[in-house]
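Descriptive analysis of the structure
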Amino acid sequence: LVFTPGTWYSLLLAVGNGGDFLAVLWDPAHPENRLLYREAIPSWQGLDWTFRIQANQGSILFDDFETIAFDSFR
């Protein structure tokens, strides 16, 4: 995925049952261009989490933010 200035991207962060963690970042105009990270973390208790997004130049604007709850995901 190559980032282009002035382009909107979508980001999904999800935590499922059994410690299943999923992160996906994509260009909605070209959904085949995406970054995907998935990991099973069996025990979330006692973990410290830091969420950080960095850019070499420019800025990041979160214009739309929504929290959605699902029973599960695949």
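Scroll up to find the structure.
As the structure is a computational prediction, the values presented were derived from the model and not from experiment. (Residues numbered from 1 in each chain as written. Predicted model: local features only at pLDDT ≥ 70, side-chain atom pairs only at ≥ 80, totals over all residues. Heavy atoms only, no water.)

1. A word on the packing of aromatic side chains
Within the structure shown, the criterion is met by two aromatic pairs. Considering the side-chain rings of Phe-3 and Tyr-9, the 5.1 Å spacing of their centres and the 75° angle between planes classify their relative orientation as edge-to-face. The exposure class of Tyr-9 is partly exposed, given its relative accessible area of 22%. (Phe/Tyr/Trp six-rings, centres within 6.5 Å; stacked < 30°, edge-to-face > 60°. Buried < 20%, exposed > 50% of the residue type's maximum accessible area, 1.4 Å probe, protein only.)

2. Observations concerning the sheet that holds strand S3 (residues 30–40)
Reading across from one edge, S1-S2-S3 is the order of the three strands in this open sheet, with antiparallel pairing throughout. In this open sheet, the two edge strands, each paired with only one partner strand, are strand S1 (10–15) and S3. Ignoring strand direction, the axes of neighbouring strands in this sheet form an average angle of 10°. The pairing of strand S2 (residues 20–27) with S3 spans eight bridges and is classified as antiparallel. (Pairing = 2+ DSSP bridges. Helix = DSSP H or I, 4+ residues; strand = E, 2+ residues; numbered from the N terminus. Axes fitted to C-alpha atoms, helices over the stretch in contact; angles between N-to-C directions.)

3. So, the pairing of S2
Judged by how many residues are buried, S2 sits mostly within the fold: six of eight residues are covered. Taken together, the six bridges between S1 and S2 define a ladder with antiparallel strand orientation. Bridged to Leu-11 within S2 is Leu-25. The hairpin formed by S1 and S2 contains four residues between the paired strands, and Gly-18 there has a positive phi angle of roughly 75°. Two successive antiparallel strands, S2 and S3, enclose a turn made up of two residues.

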